[in-house]
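Here is what each chain is made of, one letter per residue.
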Amino acid sequence: MKKMSKKKKAAVGIAGAVVLAAAGAYLGVSYYYSSHFFPKTVINGLNCAGLSVDQVKDKIQSQILSYTLTLEERGGQTEQLTGDQLQLKYVDDKKVEALMEEQNPFTWPVYIFKQNNHEMAANISYSAETVTQVLDGLQCFQPENVTAPENAKITDNGTAFEITPEVEGNTLKREETETAVKEAIDTGKTTLNLEEAELYESPSIRSDDETLNNQMDQMNTLTAANITYDFVDQQFVVNRDVLKEWLIQDSDGNYVIDETQAAAWVKHMAYETDTFGLAHTFQTSLGPTIELKGGGDYGWVINKDKTTAALMEAINAGTQGTLEPVYLYSANDRSSNDIGGTYVEICISQQKMWCYKDGQLVVETPVVTGSHATGYDTPAGSVWAIDAKKRDADFTLYTAHVTFWLPFNDQVGIHDSSWRTDYGGDIYLTSGSHGCINTPYDAAEKIFNTVGIGDPVIVYYSLDDVVGPQPTQKNTQDTAIAN
């Protein structure tokens with residue numbers, strides 16, 4: 001066996017020393033990584049290379065305190081909640097130790113070049129009361145910054161009903177928002193979009209709501225009518241301004257016209273325009289204008305029920321234009337002075353009668369009225385309507401035949417009187433009729449052929465006393481029966 005030279009021995013010794021040194025270094029580094037994390041180690045996004053377990057925990061706690069949750073609010077505003085505000089604390093759940101125990105320290109050379117990423121749920125704690133207090137301080141919860149949502153609604157623009165769109169507002173659901181914030185903190189989220197999370201209160205009725213649009217259409221349809229009742233010197237109008245006050249909803253929520261209000265409106269119109277039996281201002285043939293006290297049976301009377309029914313029908317049809325009331329009684333002229341131009345006028349004190357046709361005098365004649373001495377005074381001081389026209393009438397309680405008979409107040413009327421030769425003057429005071437207007441034959445015929453049923457008869461006592469003496473119960477002409 002050949003002996004090794006001194007030079008070779010030296011070389012072997014050096015190599016051995018190097019190996020031993022390298023082995024020692026490897027073991028030393030391995031020992032170090034038995035308590036420290038490998039190079040390129042990242043835990044929950046934190047660079048933990050070469051850090052001990054305690055150092056990693058400190059870094060996690062610092063990360064937790066630097067945590068920021070951004071709330072993305074409606075309208076582009078943002079607010080932040082920080083870990084410091086929330087007083088977040090790391091709760092040691094030994095997960096860092098578990099990661100260290102999983103690390104094989106002898107494999108450290110591999111991780112000099114290999115990324116070593118770890119994700120773990122960091123156990124944190126915080127006070128729910130603190131979260132509540134922090135949220136209470138946010139601008140999005142300050143009353144002056146909060147706009148409540150508003151439902152879409154029907155509004156009046158002055159000419160039509162329209163839908164005013166809903167207001168979204170920015171009112172947050174308080175409890176749901178707090179729950180969502182806690183969930184974001186628990187899961188480590190850094191942003192929370194409040195809109196996407198559906199945390200805002202919302203209008204319950206929007207502008208495309210079918211029921212709302214149907215109601216708007218109903219309201220516009222029901223207020224489209226424009227109806228005028230023309231009474232010559234005054235008009236009563238049912239238009240949109242009136243109709244919109246009559247809109248009500250039925251039990252199904254549909255809009256209808258309140259017939260009760262329509263009836264009240266018709267009642268008021270009738271009160272203002274009915275003239276039946278009321279006082280009348282009248283210009284006499286003698287010149288002066290007198291005031292008749294009323295109490296007669298001439299004039300207009302609106303049939304309120306039928307007029308209301310016709311009005312409701314016209315409203316529902318959207319009628320535009322003039323509508324005539326339905327009358328129970330009618331007169332000659334629809335103005336406030338309803339006598340018109342065709343009438344009979346009787347002045348008891350003058351014992352005269354006039355008859356006009358369309359404003360033109362047809363007859364002026366002396367007459368004999370009811371006997372004052374016997375209490376058969378002709379009723380005076382008002383306007384009556386001619387009730388009938390009869391030719392050849394007989395009176396039943398005493399023998400009397402007339403050719404022309406025009407009753408206007410029960411059995412008081414105008415008729416010819418063949419038994420008389422004189423008219424006018426003071427005859428009526430002691431030898432007058434039973435209340436009727438005794439008239440010369442020719443005059444009676446002309447009047448009979450001029451006036452019709454319903455035409456007015458104006459009777460007044462004198463220009464100074466339009467009321468005159470009132471008839472007693474005896475003042476009733478005997479019943480006339482046509483032959």
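Residues numbered from 1 in each chain as written. Predicted model: local features only at pLDDT ≥ 70, side-chain atom pairs only at ≥ 80, totals over all residues. Heavy atoms only, no water.

K.L.:
I would appreciate a short explanation of the environment of L361 in the present structure.
P.N.:
Note that L361 resides in strand 22 (residues 360–366). Counting along the chain gives 257 residues from L361 to N104, while the straight-line C-alpha distance between them is 136 Å. Among residues more than four places away in sequence, those in contact with L361 are W354, C355 and Y356. (Helix = DSSP H or I, 4+ residues; strand = E, 2+ residues; numbered from the N terminus. Contact = heavy atoms within 4.5 Å.)

K.L.:
Mind showing me how you'd approach the sheet that holds strand 2 (residues 46–47) here?
P.N.:
Whenever strands of a sheet pair, they do so through backbone hydrogen bonds, lying parallel or antiparallel. With respect to topology, 3 strands assemble into an open sheet ordered 2-1-6, the strand pairing being mixed. Looking at the sheet topology across the chains shown, the edges are occupied by strand 2 and strand 6 (116–118). Pairing analysis gives 3 bridges linking strand 1 (residues 41–43) to strand 6, with the strands arranged parallel. Residue I43 lies in a different strand from strand 6, and its bridge partner there is H118. (Pairing = 2+ DSSP bridges.)

K.L.:
Before we go on, may I ask you to explain the packing of helix 5 (residues 128–136) against helix 6 (residues 174–187) in this structure?
P.N.:
The relative placement of two packed helices is expressed as an angle between their axes plus a distance between the axes. Running from amino to carboxyl end, helix 5 crosses helix 6 at an angle of 120°, the nearest separation of the two axes being 11 Å. When the interaxial angle is binned, helix 5 and helix 6 end up oblique. In the packing of helix 5 onto helix 6, the handedness of the crossing is right-handed. In contact with A128, V131, T132, L135 and D136 of helix 5, helix 6 contributes R174, E178, V181 and K182. (Axes fitted to C-alpha atoms, helices over the stretch in contact; angles between N-to-C directions. Parallel < 35°, antiparallel > 145°, perpendicular 65-115°, else oblique. Left-handed = near helix turned anticlockwise from the far one by under 90°.)

K.L.:
Sorry if this is basic, but what is going on with the sheet that holds strand 21 (residues 352–357) here?
P.N.:
If you walk across this open sheet you meet the 5 strands as 22-21-20-28-23, and the pairing is mixed. Looking along the sheet, the strands with just one partner apiece sit at the ends: strand 22 and strand 23 (382–385). Looking at each pair of strands side by side, their axes are set apart by 20° on average, direction ignored. The sheet contact formed by strand 20 (residues 343–347) and strand 21 spans 5 bridges and is antiparallel. Bridging from a neighbouring strand, I346 pairs with M353 of strand 21.

K.L.:
Explain the packing of aromatic side chains here, please?
P.N.:
Under the definition given, this model contains 18 aromatic pairs. Its guanidinium or amino end placed over the ring of Y200, R74 lies 4.2 Å from that ring's centre, counting from NZ or CZ. (Phe/Tyr/Trp six-rings, centres within 6.5 Å; stacked < 30°, edge-to-face > 60°. Lys NZ or Arg CZ within 6 Å of the ring centre and 35° of its normal.)

K.L.:
Looking at this structure, how should I read the nonpolar core?
P.N.:
In summary, soluble globular proteins display a tendency toward joint burial of nonpolar side chains. In terms of nonpolar packing, the biggest core is built from 45 residues, with I227, Y229, W246, W265 and L311 touching the most fellow members. If you tally residues by element for this core, the top one is helix 9 (residues 259–273), at 5 residues. Non-local contacts of W246, meaning those with residues more than four positions away in its chain, are made with V238, V256, I257, D258, Q261, A262, W265, L311 and I315. By size, the runner-up hydrophobic cluster in this structure holds 35 residues, among which are L88, L99, C140 and V181. (Core = buried A, V, L, I, M, F, W, Y, C linked by side-chain atoms within 4.5 Å. Buried < 20%, exposed > 50% of the residue type's maximum accessible area, 1.4 Å probe, protein only.)

K.L.:
Please clarify how the pairing of strand 4 (residues 78–82) should be interpreted in this entry.
P.N.:
Both faces of the sheet carry side chains from a regular strand, because those side chains alternate between them. Burial of the side chains of strand 4 is restricted to one face: E79 and L81 are buried, whereas none of T78, Q80 and T82 on the reverse face is. Hairpin geometry of strand 3 (residues 68–72) and strand 4 is characterised by an intervening segment of 5 residues between the two adjacent antiparallel strands and by a positive phi of about 90° at G75.

K.L.:
Help me out: how do you make sense of helix 12 (residues 441–450) in this one?
P.N.:
Side chains that are three or four residues apart share a direction in an α-helix, a result of its 3.6 residues per turn. Turning to helix 12, its buried residues number three or more, namely A443, A444, I447, F448 and T450. Looking straight down helix 12, one finds its buried side chains confined to an arc of 165°; they lie on one side. (Arc of directions from axis to C-beta.)

K.L.:
Explain the confidence of the model for the chain here, please?
P.N.:
Low pLDDT marks regions whose predicted coordinates should not be analysed in detail. Per-residue pLDDT for the chain averages 90, and the proportion of residues at 70 or more is 92%. Segment residues 466–483: pLDDT under 50, and 71 contacts once partners within four positions in sequence are set aside and those in other chains are kept. (pLDDT = per-residue confidence, 0-100.)

K.L.:
It is not clear to me how helix 6 should be interpreted in this structure. Could you clarify?
P.N.:
Counted at 1.5 Å a residue, the expected span for helix 6 with its 14 residues is 20 Å, and the 20 Å between its end C-alpha atoms agrees. Taken together, the buried positions of helix 6 are occupied by T177, E178, A180, V181, A184 and I185. An end-on view of helix 6 places all buried positions within 160° of arc, on one side of the element. Set apart from the buried face of helix 6 by more than 90 degrees, the exposed residues are E175 and T187. (Expected span 1.5 Å × (residues − 1).)

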